[in-house]
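Residue-level structure breakdown
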Amino acid sequence: MLNNASQPDHAVGRSAIDPHRLAQIERRNRRERWGRAWYKFSRNPLSVLGLIMVVTITLMAIFAPFVAPYPQHAEPFTDFANASKPPGGQYLFGTDEIGRDILSRCIFGFRYALVMGVAVLSLVVPVGVLLGLVAGYFQGTIIDTIIMRVTDIFLSVPPLILALAVASVLQPNLTNAMLAVSLMWWPWYTRLVYGLASALRNEYFVVSAETIGAGTGHILFREILPNMVSPILTKMSLDMGWVVIIGSMLSFVGLGVQPPTPGLGTMVAAGARFLPDQWWIAIFPALAIVVVVLGFNLLGDGLRDLFSAEES
Amino acid sequence: MAETPLLEVKNLSVSFRVYGGMLRVLDGVNLTVHAGEKVGLVGETGCGKTTTMKTILRVVPQPPAVINSGEIRFKGREVLKMRQRELTDMRGQGISMIFQDPTAALNPVFTVGQQLEAAIRYASAESRRMPRQEVRRRAVRALSEVALADPERLLDSYPAQLSGGMRQRVCIGMALSTEPELLIADEPGTALDVTIQDQVLRLLHRLVEEKHTSVILITHTLGIVRQITDRVYVMYAGSVVEVAPTRRLFAQPSHPYTQGLMAAVPRLSGGGISDGIPGRIPDYMNPPTGCRFHPRCPHAMPVCKRQKPALLAIEDAEHQAACFLYDAPERVRAYQQEGGLT
Amino acid sequence: MSEIVLRVEALKKHFVVAHKGLIRREPVTVKAVDGVSFEIGRGETVGLVGESGSGKSTIAYIAMGMYLPTSGTIYYRDRDLFREKKRPLDLKREIQIVFQDPSSSLNPRQTVRQILELPLRIHQAGANRLEEVVRLLDLVDLPAEVMHKYPRQLSGGERQIVAIARALATRPSLVVLDEPTSALDVSVQGKVINLLIRLQRELGLTYLFISHDLSVMRNFASRVAILYLGRIAEVASTRQFFENPQHPYTQMLLSSIPVISEEEEKLRPAKVVSSGEIPSPVNLPPGCSFHTRCPYVMDVCRRVDPALVEVGDNGHVARCHLHEQPLAQK
């Protein structure tokens, strides 16, 4: 009635679909996203410190045989001549009661701590996320009820007791400790993702996909899941610290890493007997635990800030 | 008007430090509010009207915000140099605010009475010593002023028990209960239904008339400005582009942006909708040189790209527009002869 | 009227919001839509106007299959939309929707290209999707480069235009527009509305337009139905609706709109000043639900719910005792 818009000529914008240009634009988009993320993350010096700590620990763990001054001390080894030496020039963190270098053993201890964390999270996250996603999307249906009630049951068992029970029924070793921790850990991801998914499913972009006729798989994995990567990553980073603590606790009570393998918790447990006189035997591994946990927590906080700022 | 204006903002420039550089959000804002005057501040999303108000109240977070230049005088005192104590007094007694969303403005876990009484009590040093009954009496009076029946009972109810319109009335009552000299109303009716918005705005209008309160009404709805205010500032991309007494602005919009905006408003009388203003608001990181509106302006001349126009009088100083078209006629001719904009 | 595209018949939607009573639990319901009937002819734009709680969006969402009606139904070209439990794809294809807020209706993690490809993948198997995306963007006057952008890199108006392009990707014949311009600035609103008008003409679309903005309605709809608390208060052609409103609620709504010119002011019924609150839809007043706010309220209004009666030409109807035959009046 009032429109005088001339018919647009339907010449197709070729340049826009040129694959070379497409790749270029995608690169630029990615660079901008990372640049923006780093800018926000780096506003908080503590987050950067956390990142540096995590990267350093990870590198040390990976290259432990090259970094540790006495790599053979992580294996069965005794040197009674140098037993229980206080921290000093030759042994920076001192030696334990059978003469093993504590620094070397801590560096190897990082290894087992990280392996434990990574293994537990890679078991727990996919399961927990998938269950939470399905339950959240089908909120109010029988699927939701079944998944979430089972989750509740697992959550209502005191976590440490569950882990202790599992670890004591099975052989006490690193693998079983990881299984035990995983068993008590997935419900937290289900809970988190359930909340996120049940909010996201009401977003209009999800409703749009439904009215267009998209399948459930598409909606779950293409529409909903990408929008909760941020909180999941944040939780994973914070959880790395927690898993290390729980793993150390299990090791401390003798249900995790078995001597002579240098688990940080095992080392604290073994060294506790010599407190307070030969304090270094227990304190340095304990500090190593603190450093790992602190690093991941600072990083996690940084990620949380980063993602919460992204929303606005 | 020779007396000191109630509020005077001069050449205010504010930037935000973000990834990749600075967003130059306010670019020399000038604004004056006299005692008892009702001033409208109109502009679209992202034009800087809310940043202006936040800077005036000194609630804009620094960092990321940086105040580059400018003066803000409230009753002749420099706001940008005030100490915390003076700021608290200014916000408590001098200036009150009403927000767009009354639901967010009221705390859901306290009763209306608790919040209203707190607002009255903490307004100033002397009100802090007021006896309880006096505070209560004033709270009741504030609610009955905003035409709410049964104020006694209302004081004991929670915000969730009230409708949107009633909540906004409570907010207005609360804002006016401290007898402020200036009321800043940020989109006061936008979250409400039309019929309720109409009631609330008429009420607001009546009350500020009675109490002689100065008002800054921030809105993007031209119709509301026309209904309530005496004078209007039109903002675009961080600057005031036109200021005029309300009637004159609507009778004779002069800045090309104002003209475009007026033409874009759909009319109740029909006749179709104009396509609006072409283009989009500028990137604040790299704003256009000269007049920030020139890339979208149908009358753009070469000079607009070179130089930022000052506010120029149209007929008289009451009506001004920041546009080279209103320069002296011989200059305008010279500008136009420079040829098209490249 | 030509061919009927959408026929809404005695549509009711009651939401259970709570239960009362300890032993015999009685449901507390909100009558969001309470017996609404209307038709949309091919190529028409029917506007549904109303304030919050009027049920206008609920009707739109029922039409989209997001809710099932409590009773009554909707026909799309004589096909009952609710005969099958799950709506078949070919019906989904025919009816599409544009939501109010484009920042929520476009997935922030997808590029425009990914957003536009979804409907193509489902409904146009075999087509060259990339070419089709370019064609769609061209159809709505956006440069093809836009397809590489994420929603947050676009302005509000551009985002809404992308949402429109997505709705058109299935080549629908009916598009539900749920407040498509409410989240936009005035200066871009016109562009979006004019685009919709052009697309309607070029593609022969039929629109169900939901809005609370009467000024936009005036310039866009061909027929307007006004809803109050889940029921139709008045239906008229746009011109009659604005120039000769019959229901007191319509008059009150028109008189409440802030306008910017004298010419418009003359159209506002000055006598009917807005007063009173919109009653809670949980607890509807007896009789005519508008009687608590009506300046012309009579005794009968408090007792008897009026029926829709004809008040003018071209199907101009209103639900008001003032317009019923003298026997109803006191």
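Residues numbered from 1 in each chain as written. Chains lettered and ligands numbered in written order. Predicted model: local features only at pLDDT ≥ 70, side-chain atom pairs only at ≥ 80, totals over all residues. Heavy atoms only, no water.

Brief notes about the overall build of chain B
Counting its regular elements, chain B contains 13 helices and 12 strands. In terms of overall size, chain B behaves like a compact globule, its C-alpha atoms giving a radius of gyration of 22 Å where 342 residues would be expected to give roughly 20 Å. C-alpha atoms of chain B, sized along the principal axes, occupy 75 × 50 × 45 Å. By sequence separation, contacts in chain B at least 24 residues apart represent 64% of the contacts at least 6 residues apart. Distance between charge centres in chain B, computed from 41 positive and 35 negative side chains, equals 4 Å. (Helix = DSSP H or I, 4+ residues; strand = E, 2+ residues; numbered from the N terminus. Rg over C-alpha atoms; globule rule 2.2 N^0.38 Å. Contact = heavy atoms within 4.5 Å. Lys, Arg positive; Asp, Glu negative; His and termini not counted. Charge placed at Lys NZ, Arg CZ, Asp CG, Glu CD.)

Remarks on the interface of chain A and chain B
Interface extent is often summarised as the accessible area lost during association of the parts. Facing the 5 residues of chain A at the interface are 5 residues of chain B. With both chains or domains summed, chain A and chain B bury close to 500 Å², and 66% of this area falls on carbon and sulfur atoms. Across the contact surface, chain A and chain B share 0 salt bridges. The tally of links from chain A across to chain B stands at 1 residue pair in polar contact (both at pLDDT 80 or more). Its residues assigned to classes, the side of chain A that touches chain B shows 2 nonpolar, 1 polar and 2 charged. (Buried area = accessible area lost by both parts, 1.4 Å probe. Salt bridge = Lys/Arg side-chain N within 4 Å of Asp/Glu carboxyl O. Polar contact = N/O pair within 3.5 Å; in protein donor to acceptor, adjacent residues only side chain to side chain. Nonpolar A, V, L, I, M, F, W, Y, C, P; charged D, E, K, R; others polar.)

A few points about the interface of chain B and chain C
Each side of the interface is counted separately: chain B has 39 residues, and chain C has 44 residues. Both faces combined, the contact of chain B with chain C buries some 3400 Å², and carbon together with sulfur accounts for 52% of it. The largest share of the area that chain B buries against chain C comes from Arg226(B), Leu268(B) and Ile273(B), three residues that together contribute 23% of it. Remark: the boundary between chain B and chain C carries 3 salt bridges. Close ionic contact of Glu158(C) with Arg280(B) constitutes a salt bridge, the shortest N to O distance being 2.9 Å.

Some remarks on the packing of aromatic side chains
Overall, the coordinates contain 22 aromatic pairs over all chains when judged by the stated rule. On the numbers, 5.8 Å between centres and 40° between planes, the contact of Trp279(A) with Phe284(A) is tilted. Site record: aromatic cluster; members linked through ring pairs are Tyr204(A), Phe15(C), Tyr61(C), Tyr67(C) and Phe99(C). Seen from the ring of Tyr39(A), Arg43(A) lies directly overhead, with NZ or CZ sitting 4.1 Å from the centre. Here the basic side chain of Lys235(A) rests over the ring of Tyr189(A), its NZ or CZ set 5.2 Å away from the ring centre. (Phe/Tyr/Trp six-rings, centres within 6.5 Å; stacked < 30°, edge-to-face > 60°. Lys NZ or Arg CZ within 6 Å of the ring centre and 35° of its normal.)

Observations concerning unusual backbone geometry
Residue and element names in this part refer to chain C. The phi dihedral of Asp141 is positive, around 65°, even though this residue is not glycine. Looking at the element boundaries, Asp141 is found in the loop between helix 5 (129–139) and helix 6 (156–168). Taking the relative accessible area as the measure of exposure, Asp141 reaches 45% and is therefore partly exposed. (Buried < 20%, exposed > 50% of the residue type's maximum accessible area, 1.4 Å probe, protein only.)

Description of the side chain of Ser104(C)
By secondary structure assignment, the location of Ser104(C) is in helix 3 (residues 102–105). Taking the relative accessible area as the measure of exposure, Ser104(C) reaches 13% and is therefore buried. Polar contacts involving the side chain of Ser104(C) include one to the main-chain amide nitrogen of Tyr204(A), which spans 3.5 Å.

Details of the confidence of the model for chain A
Summarising the model, chain A shows a mean pLDDT of 83, and 93% of its residues fall at 70 or more. Scored below 50 in pLDDT, residues 1–13 of chain A shows 21 contacts in the model against residues more than four places distant or in partner chains. (pLDDT = per-residue confidence, 0-100.)

Observations regarding the sheet that holds strand 7 (residues 182–186) of chain B
Residue and element names in this part refer to chain B. Strand order in the open sheet made by the 8 strands is 6-7-8-3-9-10-12-11, with mixed pairing throughout. Strands with a single pairing partner mark the edges of an open sheet, and in this sheet they are strand 6 (95–98) and strand 11 (312–314). Averaged over all pairs of adjacent strands, the angle between strand axes in this sheet comes to 30°, irrespective of strand direction. The sheet contact formed by strand 6 and strand 7 spans 4 bridges and is parallel. Counted as the bridge partner of Ile98 is Ala185 from strand 7. (Pairing = 2+ DSSP bridges. Axes fitted to C-alpha atoms, helices over the stretch in contact; angles between N-to-C directions.)

Regarding the pattern of salt bridges
A complete count under the given rule lists 47 salt bridges over all chains for this structure. Of the charged contacts in the structure, one is a salt bridge between Lys211(B) and Glu179(B), with a shortest N-O distance of 3.6 Å. Of this pair, Lys211(B) sits in helix 8 (residues 194–211) while Glu179(B) sits in the loop between helix 7 (164–177) and strand 7; the two residues are 32 residues apart in sequence, bridging distant segments of the chain. A salt bridge links Glu117(C) to Arg113(C); the nearest nitrogen and oxygen atoms lie 3.2 Å apart. In this pair, Glu117(C) and Arg113(C) both sit in helix 4 (residues 112–123), 4 residues apart, roughly one turn of the helix. Residue Glu117(C) is classed as buried on the basis of its relative accessible area of 12%. A residue is classified by how much of its surface remains accessible, and Arg113(C), at 22% relative accessible area, is partly exposed. Ionic contacts of the salt-bridge type, sharing partners, join the residues Arg248(B), Glu315(B), Asp316(B) and Glu318(B) into one network.

What to know about the side chain of Thr195(B)
Summarising the element assignment, Thr195(B) is placed in helix 8. Polar side-chain contacts of Thr195(B) include one of 3.0 Å to the side chain of Arg293(C). Those residues in contact with Thr195(B) that sit more than four places away from it in its chain are Glu51(C), Met252(C), Leu253(C), Ser256(C), Ser274(C) and Arg293(C).

Some thoughts on the pairing of strand 4 (residues 71–76) of chain C
Residue and element names in this part refer to chain C. Pairing analysis gives 5 bridges linking strand 1 (residues 4–20) to strand 4, with the strands arranged antiparallel. Within strand 4, the residue paired with Val8 across the bridge is Ile74. Bridge count between strand 4 and strand 5 (residues 79–80): 2 bridges; the pairing is antiparallel. Bridge pairing in strand 5 links Tyr75 to Asp80. From the end of strand 4 to the start of strand 5, which pair antiparallel, there are 2 residues, and Arg77 there has a positive phi angle of about 45°.

Regarding a positive patch on the surface
The grouping of Arg27(A), Arg28(A), Arg30(A), Arg31(A), Arg33(A), Lys40(A), Lys149(C) and Arg152(C) at the surface amounts to a positive patch. Tracing the backbone through its elements, the reader meets Lys149(C) in the loop between helix 5 and helix 6. The exposure class of Lys149(C) is partly exposed, given its relative accessible area of 35%. (Patch = residues over 30% accessible without salt bridge, like charges linked within 9 Å, V, L, I, M, F, W, Y side chains within 5 Å. Areas by Shrake-Rupley, 256 points an atom, 1.4 Å probe, with all protein chains shown as cover.)

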